Structure formats: C-alpha cells, structure tokens
Amino acid sequence: MNLNMHSVESLVAQIQGLSGNIGELTQLRSYLKHCDDLLRTESTRLAPLLTELDPSVHSLGYLYILEACTSAPLSKDQANELVLSIARFINVCAAEQIRLAPEKFISICKRFKEQVVLLDDPMRGVAPLLTSIRKLQSSTEQLTTLHPDFMLLCLLSKCYKIGLSVLEDDVFEIDQPRDLFLYCYYGGMICIGQKQFRKALELLHNVVTAPMPIISAIAVEAYKKYILVSLIHLGQFATSFPKYTSSAAQRNLKNFSQSYLDLVNNYSIGKVSEVEKCVQINKDTFESDNNLGLVKQVVSSMYKRNIQRLTQTYLTLSLQDIANTVQLNSPKEAEMHVLQMIQEGDIYATINQKDGMVRFLEDPEQYKTCEMIERLDLSIQRIMMLSKKLTTMNEVMSCDPSYLGKVGRERQRFDYDDFDTVHSKFNI
Amino acid sequence: MESEDYASGAVIGEEEIYANGRDESDPQRHRPIISSEQLDIEAYAALYTGRTKTMRLLFIADKCGIPSMELEALRMAYEEIKKGEDTQLFREIIGKINGRLGPNYALDNAWADAVDRRAESRKEKLENELNAYRTNLIKESIRMGYNDFGDFFYAHGRLGEAFKNYIRTRDYCTTSKHISHMCLNAILVSIEMGQFTHVTSYVGKAEQAVDGLDPVTIAKLRCAAGLSHLEGKKYKLAARKFLEVGPELGNNYTEIIAPQDVATYGSLCALASFDRSELKSKVIDNTNFRNFLELVPEIRELINDFYTSHYASCLEYLGNLKTNLLLDIHLHEHVETLYEQIRNKALIQYTLPFVSVDLNMMANAFNTSVTGLEKELEALITNDQIQARIDSHNKILYARHADQRNGTFQRALQTGNEFDRELRSMLLRANLIKHDYNLKGPRKY
C-alpha cells in the first residue's frame, strides 16, 4: 500500500477497468476496501478524480471516492455544491453497483440529508432520497435505514403525499429496529396530517407493540400520539396492552403519559365540559409535546361521536334536541356540526331547515355494485397472499438449525420408539 | 280488546282504536283493587314463628319510617323475645325501644339474669351428657347430643356455634332422614346468618338423599333454594324454584317463610325474568301455584294484567304494593331492580307486535309523559333491547329490522381488514425478533 500520487491514479484506472460485470465488480470492491484509508487521507485531493469517472457506469468507484470527499467538514457554499453533486449521483447511479457497498451509500445519503436540513431547504432532498430508497431496496418489502430520513424530510417540507405513497408499501424486512420505530412514528405523523387516522393508528400500534428490551423516547412519544389518534378514530382507548407487547413497554409506557390517560377517562364519561376542563388543566403538557392540535381534534371528535350515537336511536330529531343531548350551545351550532359530518361522510342525513329537523338515513351502500365485488376480490387475493407468506415463513423457520436445536434439546431423550421428528444430531 | 262492530273492509276509525291498558267502557273488567293500606303488623307477624318473627319485626321497625308502626313492631318484638331465651337480642330491642313504650317495656335485668343462669346450667348438663355419649360411642346418642347443643345455641342467638354443632352431626348420621334433618337445621341457621352459599350447598346435599324425601321436606328445600337464588340476584332460577314448591308446604316452614311470601317472591321474579310463554306455562297455568296465588290476590291480578297487556293497571298494582314489599326482609334490596325489569319488559312487550307505535298512546297506556317515555325508550334502544327508531318530530316509534345481508357484507369486509392488519403486524414483529436473535448470534451445533 504505497501512499503516493501514483497509486491514486492507478485507482482511477482500476475503477475504470473493473466496472464491467459482477465478477470484476466484486474484485473492485475488495480492492477499494483496501484503499479505504488511502482515500481518507487524500480526501481533499480527490475532487478532480470525480470528473474522470462516469457515475452511471463506475458507480461503485465513484461512490467510494465521493464518500471520502464528503466526509470532511464543510462550509456553507461548499454544502450547496455537495448537495447538488450527491443529488446528481443518486439520480444516475447504477443500483446493482451501489448495493455492493450499502454502508457507503447510506453514509452519503445521510450526509446529504444533514446538509439539506442545515440549508433549511428540505424539499430539495425529498426526490433524491426517494430515488435512493428505491435503488437501495432489494424489494419493496424491505425497510432501509434511509426510510426514516426520507419521512423526516417529507414532514419538514410538508410533502405529505409522497410520504403517503411510500407508506403504501407493506414492510416486512428490517435492517435495524430503530429504523422501524422512527419510520412508523414519522409515518404516523404524516398520516395524521393527511387525516388518514386508520393508517396512523396501525403504524403507531406497531411502534408501541414492537419487541423492545427497554423503552425508548420514540416509543413514549408514539404512545402519546397513539392514545390521541385512538380517541379520534375509534372513540375509545383500551388501556390494556395486547399480549404480544413487550413487558418493558407494558410496565413503563403508562408512567410517561398520565395526562393523556386522564383525558381518556374523561372522554369515556361522555361530557364535553369535563373533557375541556381536563384539556385546560393539562394544556402545558400537551403543548410541550406538540400535541395540542391533536388534542383539540379529540375534543371535536366527541361531538361527532355523540351525534353518531343519536343516529342509532332516532329517525328524526329536532336541532334543538340535538344541541341539548350533545351539549352544544345552540341549534345553529348543531346544524353546523351535522352539516360537516354529512360532508365528511360520517353520517347519512338530511337537514330540514324549515322545521329545524334532521332526518337520519340508512347507509345507502347496498353491496351490489361491481366496485364492491372488485373490492371483495382484491381483499381475498391479498389475504391469500399474506397467508402464503405466513406458511412460507413457518416452513423456513422449521428448517432453521437454531430452532431445531432448541426443539431437539427440549424433547425427551430416551423415546426411541417414537417417531423421531427431529434428527438426533440436534440433541445436546 | 276486540272491537266487534266494525264494518268489514272499512278502515278502523280513530275512536275505535283502543289505547291498550285503559278501557273505561268495558263493564266486565274489575276495577283494580288498590291496596295502599298500611301493613297490618299483627297479621303479618302471625305468619311466622321462631327467630325470624323477631328479626322481621325488627326489620320493619328499622325501615318503616312511621313512628306508630315502629313502636308497634318493637312492642311485638319485645313480647316475642320474652318468650324465648335470647338475652343478647333482648338487650338490642331494649336499646331500640329506648323507653318510648313505658315502664312495662324496659330493661328487665332480673329476667335476663335468670335466663342466663338457666342457660349456663343447661349448657353444663348438655356437655356432660355429650361427653358421656362420646365415651360410649353410640352414634345415635352422639348425634342427638350435638343436635341438642345446636338447638340450645340457636335459641340463645349464638348462631355461629349452633351452625358448627349442627354440622358436627354429619359424621353420626346413619339414615337419610338424619341427613335431611341436619341439612334443614343447617339451612335454617345459615338463612338467619345471611350466608346463602351454605344454603345452596346444604340444599344440594339434602336432595341427594338415596331413599326419597317426603313432600313437605322437598317443598321446604325448594323454598330455601329459591331464597338463596333470590339473594344471589338470579331471579330466573329463584322464580323457577319458588314455582315448583308444592302446596304441601302449607304452614310447615314458618320458621323461615310463609306461603304468601312464596307467592310474592315467585311471581315477581317470574314477571321480571320469564318470557311470555314461560310465564303462561309456569305461572298462569300452574295449578299448584294457584293455591299460593289465592293468598295474594293483588299479585294474581297484576300477573294477569301483564299477560293481557293491561300495563297501566299492572304498574299501578305494583306501585301500591311497593311500600309493603320494601318492608320484607328478603325482598328489600331487590324491589327496585325487579320493578325496573318488570317495567322494561312491559315497554318491550308493548312495542313488540307493532311496526309503528304512536308515542302519545303509549304514554297514555303507561301513565307517563311523552318526553319521559322517549327517554326510557332511548335507553332501551341503546341497550339493544328494542329494535326500533324514534321519529321525534312526529312522535312515532318505528320498528327497524337490521338488514342481514348488508350487515353480513360489512362484517365480512371488516374481518378481512382486521385479519390483514393483524397478520402484517405479526409478520413484522416476527422479523424483528428474528433480527434480534440473529444479532445475538446463533449457537453452533
């Protein structure tokens, strides 16, 4: 490993030479790994090398050199340059090549994100990061370390729709648990912003019930939002955790969210004045957690729930009676609420302004249309696919040596007459 | 309520639709017999014997709230207790009377001391006898010895010890008659103590008798079982037990319950918990039970009214009986619940045959206001006991039958979604755990 300019040029030559096919690329990769230290020390002088390389063809080499260049601390105008060059690279690089060196790729993307945030222009980073995710993923079911960064940029730049489109993919494989927590948390926030409470609930539920040996701040914050979204979407909150929640979570999460649990208790009583009082008392906590907007939505959802309950009992009801039952101040307010609910599709009703009466109607869905049949069909296919996945996973697991070892250990030793389901080599 | 003179094919006019439950014009119906008379304490107390008489009188004195009645009850209790040997209860009664009944009803220490001394000597005698029997190892005598002890303690108001002694006879019982005797004693003491779990278990034991029991004992056991179910708020079971009591009971169980009580408890529980067919077959058509119902004509009337849908008069009877029922020692805590259940049943039964009901007529039938009725119906609809919806504008109740087909589709789609969500979360969690496990490094095999 001679450290002189000569080897740096040979580096370029190697890269250009060995970027042909996969065999050469693996060779190149080991070579580059050797040169890593060299690259770091020569980082300031590497910039001109980049011009000699074509990022779309020599992606692997370009990646290494780019990473080495950018690892040094930068000034503001250099940051802008950096952002542009990385963005350009991400757009044109070849996916198979960068997958050979994922840590390097992740490291420059993270650097990219940092700079973009520092420059106070998160929107510039959204599209490139999306491309980078798609190139890094081996399948759409894989969660990469870049996912949470992407979500963060979407949140900061308020590009919620793009975030939602990524959230549409189901995720099953994960590199790092921490990525999952952050991804689900940010994803939940995006869904809340887009008022897709069902999906938000799902994502936050995944954070809260994920296996974790100790709880993290992310889990605590997610739990708080989970409580609020559950109140808005379902009208209730089950304070008991499902069985599969980790014991650390079950023991500790409630301690950090006392004011939220108070809110739940007041909500279930059903009196709006009580809930508002509770909100007033705990206003500071809610504000410091940045949840005050969500809490306000909880309060307005109470009116909705009460009105919905009325649809079960009454066919027609006067606006005055609605106002009285739901504890609103006047029939006009009641009318406004009902109107809004009709527009959002929460209830089916008609308002007769002449008599001041509201007539509640049945859900007009008859389940007879073609769209409904298609929906059913899609649902069935989806579930079949998921079941198949489950069976495959089960089969893979039953061939796993560590699993067999554990089973083998636990079965009785001297049952020679029984049919031997586990090969004796797994017996300890 | 037939209107026999409408022209065939003509629409029934407004005036011909009779409001159910209020029929001024039919002369054949009896005017309801309102019984709001105050409970006749002497007559009431005459129905019972033994300790329960005193306890019931004390209960009435506590709960009635009318001073004259209270004093009357306490006076009778005093006289009753003087006939017995329970000095503890005696002192209690004196405390309650508090000198209000004059010098004749004051603390008679002489009497109390005499009784106590007598008790001491009797106890010694019994102990000696029992020890003698025990050394002789004659089962029958030992059994009688323990029994005597039990009786002695019971008479002196020491119920816990009485119970223990009765139980001890179990080892020395040889015939099933002995066993049933022991069980009946145990049941008596348990009811006095208020421990109804024992009652149920001993009723069970007694009923397992190998060579059948005589009808009186069977009737007694059924009463006891009914009482314990009543205490346990299992009104349907209580009703069934009381309705099975045969007329042989007569006045044989006055230490616990009078036949009027059997009729009252059985009817009220049946009314609150049976459905229409059971009510007809087990209560109205029950010839055995008819004997009991004759003793409480108001209750008989009220059951018939309920069955024939004259709800207003039925509820009127119930209202009038309420004060007296609240003075009953066993029924006291259950009166409100039973009444509520009966009223709800009446409301539900009223609406059942109709597609639409005019709330004004219904309010008339139940003798209540339309707004009050609306509130009650709202509660019943929310609890899913009536399938209907209220048209508040026109004050009509419309029956509503859920569309099964739509409901099924909706539930199917929902289940699918839930399954989808749960499965995906589970696969995610499994992957996380696998990842953690892989990190920790698999052991080499």
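No experiment lies behind these values; they were computed from the predicted model shown.

Asker: I'm lost on the overall build of chain B in this one. Help?
Answerer: Regarding its fold elements, chain B presents 20 helices and three strands. Counting over 445 residues, chain B shows a buried share of 45%. Summarising the internal contacts of chain B: among those between residues at least 6 apart in sequence, 60% fall at separations of at least 24. For chain B, the accessible area works out to roughly 22,700 Å², and carbon and sulfur atoms hold 51% of it.

Asker: Could you clarify how one ought to interpret the overall build of chain A in this entry?
Answerer: A tally of helices and strands in chain A yields 23 helices and five strands. When burial is assessed residue by residue, chain A has 48% of its 428 residues classed as buried. For chain A, the proportion of contacts with a sequence separation of at least 24, taken over those separated by at least 6, is 64%. As displayed, chain A offers around 22,400 Å² of accessible surface, 54% of which is attributable to carbon and sulfur atoms.

Asker: Just to check I follow, could you spell out the UniProt feature "coiled-coil region" (unreviewed entry) in chain B for this structure?
Answerer: Taking the UniProt record as the reference, the feature "coiled-coil region" (unreviewed entry) is found at residues 116-143 of chain B. End C-alpha atoms of residues 116-143 of chain B are separated by 25 Å, and the span's content is 93% helix alongside 0% strand.

Asker: Before we go on, may I ask you to explain the interface of chain B and chain A in this structure?
Answerer: A common way to express how large an interface is: the accessible area buried when the components associate. Taken together, the contact between chain B and chain A spans 39 residues of the former and 46 residues of the latter. For the chain B and chain A pair, buried surface summed over both sides reaches about 4,300 Å², with 60% attributable to carbon and sulfur atoms. At the surface where chain B touches chain A, the tally comes to five salt bridges. A salt bridge links Arg424 of chain B to Asp170 of chain A, with the shortest nitrogen-to-oxygen separation between them at 3.1 Å. Connecting chain B to chain A are 17 residue pairs in polar contact (both at pLDDT 80 or more). For the side of chain B that touches chain A, the elements supplying multiple residues, two or more each, are α19 (370-382), β2 (388-391) and α20 (404-440) of chain B. Take the side of chain B that touches chain A: its biggest share by element is 24 residues, from α20 of chain B. Relative to β2 of chain B, strand β3 (residues 314-318) of chain A is paired through two bridges, and the arrangement is parallel.

Asker: Could you clarify how one ought to interpret the packing of helix α19 (residues 292-313) of chain A against helix α21 (residues 331-344) of chain A in this entry?
Answerer: A pair of packed helices is captured by two measures, namely the crossing angle of their axes and the spacing between those axes. Residues and elements named next belong to chain A. Remark: α19 packs on α21, axes separated minimally by 11 Å, with the N-to-C direction vectors making an angle of 85°. When the axis of α19 is compared with that of α21, the two are roughly perpendicular. Here Tyr303, Lys304, Ile307 and Gln308 of α19 lie close against α21, whose contacting residues are His337, Val338, Met341 and Glu344. Classifying every residue of the contact of α19 with α21 by side-chain character gives four nonpolar, two polar and two charged.

Asker: Would you mind going over the nonpolar core with me for this structure?
Answerer: What tends to happen in soluble globular proteins is that the nonpolar side chains get buried as a cluster. Grouped together as the largest cluster of nonpolar side chains are 221 residues, with contacts concentrated most on Phe105 and Ile322 of chain A. The element that contributes the greatest number of residues to this core is helix α14 (residues 217-234) of chain A, accounting for 11 residues. Among all residues touching Ile322 of chain A, those that are not within four sequence positions of it are Ile307, Leu310, Leu317, Ala334, Val338, Val358 and Phe360 of chain A. Residues Ile60, Cys64, Leu89 and Leu327 of chain B belong to the second largest nonpolar core, which totals 28 residues.

Asker: Is there a simple way to think about the sheet that holds β3 of chain A in this case?
Answerer: Two orientations exist for strands paired in a sheet by backbone hydrogen bonds: parallel and antiparallel. Strand order in the open sheet formed by six strands is β4(A)-β5(A)-β3(A)-β2(B)-β3(B)-β1(B), with mixed pairing between adjacent strands. Each end of this open sheet is capped by a strand with a single partner; those strands are β4 (349-352) of chain A together with β1 (356-358) of chain B. Direction aside, neighbouring strands of the sheet carry axes that sit 20° apart on average. The pairing of β2 of chain B with strand β3 (residues 396-399) of chain B spans four bridges and is classified as antiparallel. Counterpart to Ile390 of chain B in the pairing with β3 of chain B is Leu397 of chain B. Of the strands in this sheet, β3 of chain A together with β2 and β3 of chain B are in contact with α19 of chain B, which crosses β2 of chain B at around 150°.

Asker: Before we go on, may I ask you to explain the pairing of β4 of chain A in this structure?
Answerer: Walk down a regular strand and you will see the side chains alternate between the two sheet faces. Residues and elements named next belong to chain A. Pairing of β4 with strand β5 (residues 357-360) involves four bridges; the strand directions are antiparallel. Following the sheet pairing, Ile351 is matched in β5 by Val358. Counted between consecutive antiparallel strands, the loop separating β4 from β5 contains four residues, among which Gly356 sits at a positive phi close to 70°.

Asker: When you look at the packing of helix α10 (residues 215-231) of chain B against helix α11 (residues 235-243) of chain B in this model, what are you seeing that I'm missing?
Answerer: Residue and element names in this part refer to chain B. Where α10 meets α11, the axes come as close as 8 Å, and the angle between the chain directions of the two elements is 165°. Between α10 and α11, the angle is such that the two are roughly antiparallel. Crossing geometry of α10 relative to α11 is assigned as left-handed. Contacts from Arg222, Cys223, Ala225, Gly226, Leu227, His229 and Leu230 in α10 reach Tyr235, Leu237, Ala238, Lys241 and Phe242 in α11.

Asker: I tried to follow the pairing of β5 of chain A on my own but got confused; where do I start?
Answerer: Relative to β5 of chain A, β3 of chain A is paired through three bridges, and the arrangement is antiparallel. Each residue of the ladder has a partner; that of Leu317 of chain A, found in β5 of chain A, is Val358 of chain A.

Asker: How do you make sense of the environment of Asp170 of chain A when you look at a structure like this?
Answerer: Mapped onto the elements of the fold, Asp170 of chain A is located in the loop between α11 (160-167) and β2 (173-174). In this structure the C-alpha to C-alpha distance between Asp170 of chain A and Gln142 of chain A, which are 28 residues apart in sequence, comes to 8.5 Å. If near-sequence neighbours (up to four positions away) are discounted, Asp170 of chain A is found in contact with Thr140, Glu141 and Arg382 of chain A together with Arg424 of chain B. A polar side-chain atom of Asp170 of chain A sits 3.3 Å from a polar atom in the side chain of Arg382 of chain A.

Asker: Quick question: what am I supposed to make of the pattern of salt bridges here?
Answerer: Any two side chains of opposite charge can pair, so long as their charged atoms come close to each other. If you walk through the whole model with that rule in mind, you get 43 salt bridges over all chains. With a closest N to O distance of 3.2 Å, Asp149 of chain A and Lys113 of chain A form a salt bridge. In this pair, Asp149 of chain A is assigned in helix α10 (residues 146-157) and Lys113 of chain A in helix α8 (residues 102-118), connecting sequence segments 36 residues apart. Assigned by exposure class, Asp149 of chain A and Lys113 of chain A land together as buried. The salt bridge partner of Arg382 of chain A is Asp170 of chain A, with a shortest N-O separation of 3.3 Å. Of the two residues, Arg382 of chain A is situated in helix α22 (residues 370-399) and Asp170 of chain A in the loop between α11 and β2; the sequence distance between them amounts to 212 residues. Owing to a relative accessible area of 32%, Arg382 of chain A belongs among the partly exposed residues under this scheme. You can call Asp170 of chain A buried: its relative accessible area is 16%. In the salt-bridge network here, residues are joined through shared partners; they are Asp170, Arg198, Glu202 and Arg382 of chain A together with Asp420 and Arg424 of chain B.

Asker: Would you take a moment to explain α10 of chain B for this structure?
Answerer: Along an α-helix, residues three or four apart share an orientation, since each turn contains 3.6 residues. Residue and element names in this part refer to chain B. With 17 residues, α10 ought to run about 24 Å at 1.5 Å a step, and its terminal C-alpha atoms sit 24 Å apart, in line with that. Counting buried positions along α10 gives 12 out of 17 residues, so the element sits mostly inside the fold. Every buried residue of α10 is listed here: Thr217, Ala219, Lys220, Leu221, Cys223, Ala224, Ala225, Gly226, Leu227, Ser228, His229 and Leu230. Against α8 (176-193), α9 (196-207), α11 and α12 (259-273) lie the buried residues of α10.

Asker: How should I be thinking about α11 of chain B in this particular structure?
Answerer: Residue and element names in this part refer to chain B. Every buried residue of α11 is listed here: Tyr235, Ala238, Ala239, Phe242 and Leu243. Buried residues of α11 fall within an arc of 125° about the axis and therefore sit on the same side. Buried residues along α11 sit against α10, α12, α13 (276-284), α14 (287-295) and α17 (335-351).

Asker: Whenever I open this one, the packing of aromatic side chains confuses me. Can you help?
Answerer: Two aromatic rings are characterised by how far apart their centres lie and by the angle between their planes. Residue and element names in this part refer to chain B. Applying the stated criterion across every chain yields a total of 20 aromatic pairs over all chains. Plain terms: the ring middles of Phe242 and Tyr265 are 5.6 Å apart, the flat faces sit at 65° to each other, and that makes the pair edge-to-face. Here the residue Phe242 occupies a position in helix α11, and Tyr265 occupies one in helix α12, the gap between them amounting to 23 residues. Residue Phe242 is classed as buried on the basis of its relative accessible area of 0%. Site record: aromatic cluster; members linked through ring pairs are Phe306, Tyr311, Tyr350, Phe354 and Phe366. Above the face of the Tyr202 ring, Lys205 is positioned so that its terminal group lies 4.5 Å from the ring centre. Its guanidinium or amino end placed over the ring of Tyr307, Arg276 lies 4.3 Å from that ring's centre, counting from NZ or CZ.

Asker: What is the right way to look at the side chain of Asp305 of chain B in this model?
Answerer: With respect to the helices, strands and loops of the structure, Asp305 of chain B is situated in helix α15 (residues 297-307). Within polar-contact distance, the side chain of Asp305 of chain B engages the side chain of Ser313 of chain B at 2.8 Å.

Conventions used here
Residues numbered from 1 in each chain as written. Chains lettered and ligands numbered in written order. Predicted model: local features only at pLDDT ≥ 70, side-chain atom pairs only at ≥ 80, totals over all residues. Heavy atoms only, no water. Helix = DSSP H or I, 4+ residues; strand = E, 2+ residues; numbered from the N terminus. Buried < 20%, exposed > 50% of the residue type's maximum accessible area, 1.4 Å probe, protein only. Contact = heavy atoms within 4.5 Å. Areas by Shrake-Rupley, 256 points an atom, 1.4 Å probe, with all protein chains shown as cover. UniProt positions renumbered as here; feature names shortened; annotations may be inferred. Buried area = accessible area lost by both parts, 1.4 Å probe. Salt bridge = Lys/Arg side-chain N within 4 Å of Asp/Glu carboxyl O. Polar contact = N/O pair within 3.5 Å; in protein donor to acceptor, adjacent residues only side chain to side chain. Pairing = 2+ DSSP bridges. Axes fitted to C-alpha atoms, helices over the stretch in contact; angles between N-to-C directions. Parallel < 35°, antiparallel > 145°, perpendicular 65-115°, else oblique. Nonpolar A, V, L, I, M, F, W, Y, C, P; charged D, E, K, R; others polar. Core = buried A, V, L, I, M, F, W, Y, C linked by side-chain atoms within 4.5 Å. Left-handed = near helix turned anticlockwise from the far one by under 90°. Expected span 1.5 Å × (residues − 1). Arc of directions from axis to C-beta. Phe/Tyr/Trp six-rings, centres within 6.5 Å; stacked < 30°, edge-to-face > 60°. Lys NZ or Arg CZ within 6 Å of the ring centre and 35° of its normal.

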